[in-house]
Amino acid sequence: MDVTALPPLPVEPPPGCPLDPPTGLARLRTEAPVSRISLADGNWAWLLTRYADIRTVLGDHARFSSDPFKPGFPRSGIEGAPTQEGRAFIRMDPPGHTRLRRMVTREFMVKRIDALRPRIQELTDELCDAMAATERSAHPVDLVRALALPLPSLVIGLLLGVPDEDHPLFQNLTATLLSRTATEQELGAARRDLVAYLDSLVTAKEKAPADDIIGRLIVEQQADGKLTHRELIGFAGILLVAGHETTANMIGLSALTLMRDPATAERLRRDPALLPGAVEELLRFHSIVRSGPRRAVLEDVEIGGRLLRAGEGVVCALPSANRDPETFGDPDTLDVSRAHAQRHVAFGYGIHQCLGQALARAELQVVIGTLLRRFPTMRPAVPLDAIPFRTDMAIYGCHTLPVTW
């Protein structure tokens, strides 16, 4: 097969419509829901664009693997060569995935996250106080830097016991690791620096465990030999990176969407009980994970009328699934009272569904509600086409979002 003749994974949104899914996904969903795309490493993979097909693949861990060492696993070109040492559990299949995920599941249960909500509100209020005190006459406030990025960073740092002064370090390293344009040298340096930082953090906590996620894992799992030092580093890395980058970008996109839809914003302001459903709809509407999930095919299987053979790769287009009219009526319209919006696959599906989704929901509900209440006249300070969107990153969002009020 001539891979060079295949199209790459669509990442650019339609011209003038940066809040919509990448160009071409809707057409593929109708005309070729299971099609071939080229990959950055010179290989190819199947691209799935229908909701039903994507749920089938993500829910079937017997025939589809998350292990990057399996033949045909489609590499994104930004993760570097996989290594067994310290591999995160999200890149494992059962029973390894089951063993490690079970160790931290309780840390992110809804009841525990609900107990954290008052602290999330306090941190949000502190950041909003700083925004409110800013002189905006000459320089608008960048909502990403002022609120969207620091809030999830502070929360996950609190849960993991990361010192506040270290947050800029891992934010910069994460930005490099998720960049589509970083060189292999830059990616390698960022990976080494992050592992070195997490190694020192875990080592310090092994000597004096604190009452945080890492400390509890050390006391409850590592002390009994159930968890190694390298596995602890893998835990810390995936929770640190995934725990702030995704939510930060959803905050920015959600705020921008509601600023551009004052009627919906006013409706939420008058009836805060709609916020949980609104968050589900915003998650469906935006689907910021735009380059996966990815799977390797373990045995021949038919999906969407096409035969996928063992040793081939699959890429699931979540933004397309969440705009599938077969599942969501009038899918390109934001409807905060939509029934069954929670059926979205923004957090994935199956055994690898996002571990921190309860935390993400809580942060989004608190932040959006606070912004609507405290800054009712907030608006973008620049035209939509002047906002730099993250088409160069694995997680979609805004690089910056200048606002005023």
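1. Topic: the overall build of the protein chain
At step 1: When helices and strands are counted, the protein chain shows 14 helices and 10 strands.
At step 2: Relative to the globule expectation of 22 Å for 405 residues, the C-alpha radius of gyration of the protein chain, 21 Å, shows essentially globular dimensions.
At step 3: With respect to the principal axes defined by its C-alpha atoms, the protein chain has extents near 60 × 55 × 40 Å.
At step 4: Taking all 405 residues of the protein chain together, the buried fraction comes to 53%.

2. Focus on helix α8 (residues 184-207)
At step 1: Look at α8: 35 Å from first C-alpha to last across 24 residues, which is about the 34 Å you get at 1.5 Å a residue.
At step 2: Here the buried face of α8 lies against α6 (150-160), α7 (167-177), α9 (213-222) and α10 (229-259).

3. Topic: the packing of aromatic side chains
Centre-to-centre distance and the angle between the planes together describe a pair of aromatic rings.
At step 1: Counted under the stated rule, the structure contains five aromatic pairs.
At step 2: Note on W44 and W46: the rings are 5.3 Å apart at their centroids and 80° apart in plane angle, and the pair reads as edge-to-face.
At step 3: What makes W46 buried here is its relative accessible area of 1%.
At step 4: Stacked on the ring of Y396, the Lys or Arg R290 has its end atom at 4.0 Å from the ring centre.

Thresholds applied
Within each chain, residue numbers correspond to sequence positions counted from 1 in written order. Local features in this predicted model are restricted to residues of pLDDT 70 or higher, and side-chain atom pairs are both shown and tallied only at a pLDDT of 80 or more, whereas totals for entire chains, interfaces and linings draw on every residue. Hydrogen atoms and water are omitted, and side-chain values are computed over all heavy atoms in the structure. In this description a helix means any DSSP run of H or I spanning at least four residues, a strand means any run of E spanning at least two, and both kinds are numbered starting from the N terminus. Using C-alpha atoms as the atom set, the radius of gyration is obtained and then compared with a globule rule of 2.2 Å times the number of residues to the power 0.38. Buried residues are those whose accessible area, probed at 1.4 Å on protein chains only, stays under 20% of the maximum for their type, while exposed residues exceed 50% and partly exposed ones sit between those limits. Each helix should span, by expectation, one fewer than its residue count multiplied by 1.5 Å. The contact definition used throughout considers only heavy atoms, calling two residues in contact when any of these lie within 4.5 Å. Stacked, tilted and edge-to-face pairs are distinguished by plane angle, under 30 degrees for stacked and over 60 for edge-to-face with tilted covering the rest, among Phe, Tyr and Trp rings (Trp via its six-membered ring) whose centres lie within 6.5 Å. A ring is scored as having a charge over it whenever the NZ atom of a lysine or the CZ atom of an arginine sits within 6 Å of its centre and within 35 degrees of its normal.

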